[in-house]
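If you want the building blocks of each chain, they are given just below.
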Amino acid sequence: MEQSEGVKGTSHESFVPSIFLQNFYSPQSAGFGQKDGLGPWKLSCLHRAFTEGDIRGDLLIDVGSGPSLYQVLSGCEVFSKVLLTDFLEVNRQELKSWLQGEGANFDWTPFIKYVCELEGRSPSEWTEKAARLREVVSDVLPIDVHRAQPMAPDALPSEGADCLVSCFCLESASPDVDTFTKALGNISKLLRPGGHLLLIGALQESYYLGGPEKIPVLPLNESQICTSLQEQGFTLIRLEVHTPPRDITDTDDISDGRGCFFVKAKKN
Ligand code: SAH
């Protein structure tokens, strides 16, 4: 896929999956050991969203998966088909290699075990959950949120997906609010009317270390997010905010965000 205007200059060329994963999802950085850690918070938000009973259907698409899988650990129990997507080939390769069980991949076990517990299952059932994920993820495909048609036209049914998840993608791919809002409108075309959108992202963040270099991020606040959603025809169901525990002062070297948001919305 050709690079689109919106991506040039956003330094995603310097993204290195192993560095990104180590920085944000290693057991120490994911926050499993801390009260109110970000990792458990994100997994809990997604678990709640997918078990409230209103999200149903066959196809779930994760937009801008990066090299990560945590964001579909709850959804993979509800949907029979999950598509992972990313702009970068290195990230798609990383995901394919985990799905095929090849080589020494990143270890998602702590995340999988945590979601097993949320689901009331024993953490020892994590291997079954990993198998379920490998079974329902049917492909890992290219996407560009800056294109009017972000995915290849034959990649999904004409009626669209039943649900979209997207974490930390739109704000890291967009240089300004207009581009962010437009990208939201572009991905909305992948979703059927009445389908749900689950967004997780950073608040007031200007960069993150997704490799050796800082990758710029559009600093967002809650009211901008609500305005963009409304402009693109979404009805907000819930917005939640996570503020990092006070004792975490040493994370500014990997990102400068002031918290994270979770949105559950519905396409009108
Ligand atoms: N969702 C993952 C990855 C977030 S990092 C997680 O939560 O861990 C941001 C991701 O956005 C990167 O994987 C990057 O490749 C992707 N990205 C950057 N520009 C994009 C674009 N134009 N379209 C789709 N994805 C893009």
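Presented here is an overview of the structure given in this document. (Residues numbered from 1 in each chain as written. Predicted model: local features only at pLDDT ≥ 70, side-chain atom pairs only at ≥ 80, totals over all residues. Heavy atoms only, no water.)

### Here's the deal with the packing of helix 9 (residues 177-188) against helix 10 (residues 222-231)
Where we set the bar: With axes taken as lines fitted to C-alpha atoms, and helix axes fitted only over the stretch in contact, angles between N-to-C directions fall between 0 and 180 degrees. Counting from the N terminus, the helices are the DSSP runs of H or I reaching at least four residues and the strands are the DSSP runs of E reaching at least two. Angle categories are assigned with fixed cut-offs, so that under 35 degrees is roughly parallel, over 145 is roughly antiparallel, 65 to 115 is roughly perpendicular, and the rest are oblique. By convention the crossing between two helices is left-handed if the near helix lies anticlockwise of the far one by an angle smaller than a right angle, and right-handed if it lies clockwise. Residue contacts are counted whenever heavy atoms from the two residues lie within 4.5 Å of one another. When residues are sorted by character, Ala, Val, Leu, Ile, Met, Phe, Trp, Tyr, Cys and Pro go into the nonpolar class, Asp, Glu, Lys and Arg into the charged class, and all the rest, Gly among them, into the polar class.
Running from N to C, helix 9 and helix 10 point in directions that differ by 45 degrees, and their axes come no closer than 9 Å. In terms of orientation, helix 9 lies oblique with respect to helix 10. Crossing handedness for the pair helix 9 and helix 10: right-handed. Seen from helix 9, the contacting residues are Val177, Phe180, Thr181 and Leu184; seen from helix 10, they are Gln224, Ser228, Leu229 and Glu231. Classifying every residue of the contact of helix 9 with helix 10 gives four nonpolar, three polar and one charged.

### Observations concerning the packing of helix 6 (residues 109-118) against helix 7 (residues 126-136)
Contact pair helix 6 / helix 7: the axes reach a minimum separation of 9 Å and the direction vectors enclose 105 degrees. Here helix 6 lies roughly perpendicular to helix 7, going by the angle between them. Across from Thr109, Ile112, Lys113, Val115 and Cys116 in helix 6, the residues of helix 7 making contact are Trp126, Lys129 and Ala130. Grouping the constituent residues of the contact of helix 6 with helix 7 by class yields five nonpolar, one polar and two charged.

### Brief notes about the site of the ligand
Convention followed: Whether a residue is near a molecule or strand depends on its heavy atoms: it is near if one of them lies within 4 Å of it. Pairing of N or O atoms within 3.5 Å defines a polar contact, subject to two protein rules: one partner must be a possible hydrogen donor and the other a possible acceptor, and residues neighboring in sequence count only if both atoms are side-chain atoms. The accessible surface values rely on the Shrake-Rupley method and a 1.4 Å probe; as for residues, cover is taken only from the protein chains in view.
Surveying the vicinity of the ligand reveals 24 residues, the closest of which are Tyr25, Ser68, Tyr70, Asp86 and Cys167. In this structure, an oxygen atom belonging to the ligand sits 2.7 Å away from a side-chain N or O atom of Ser68. In the model, a nitrogen atom of the ligand is placed 3.0 Å from a nitrogen or oxygen of the Val145 main chain. About the coverage of the ligand: the protein hides 100% of its 570 Å² of free accessible area. Within the residue set of the shell around the ligand, elements represented by two or more residues are helix 1 (17-25) and helix 8 (170-173). Its residues assigned to classes, the shell around the ligand shows 13 nonpolar, nine polar and two charged.

Geometric descriptors of this kind do not, in isolation, establish any biological role.
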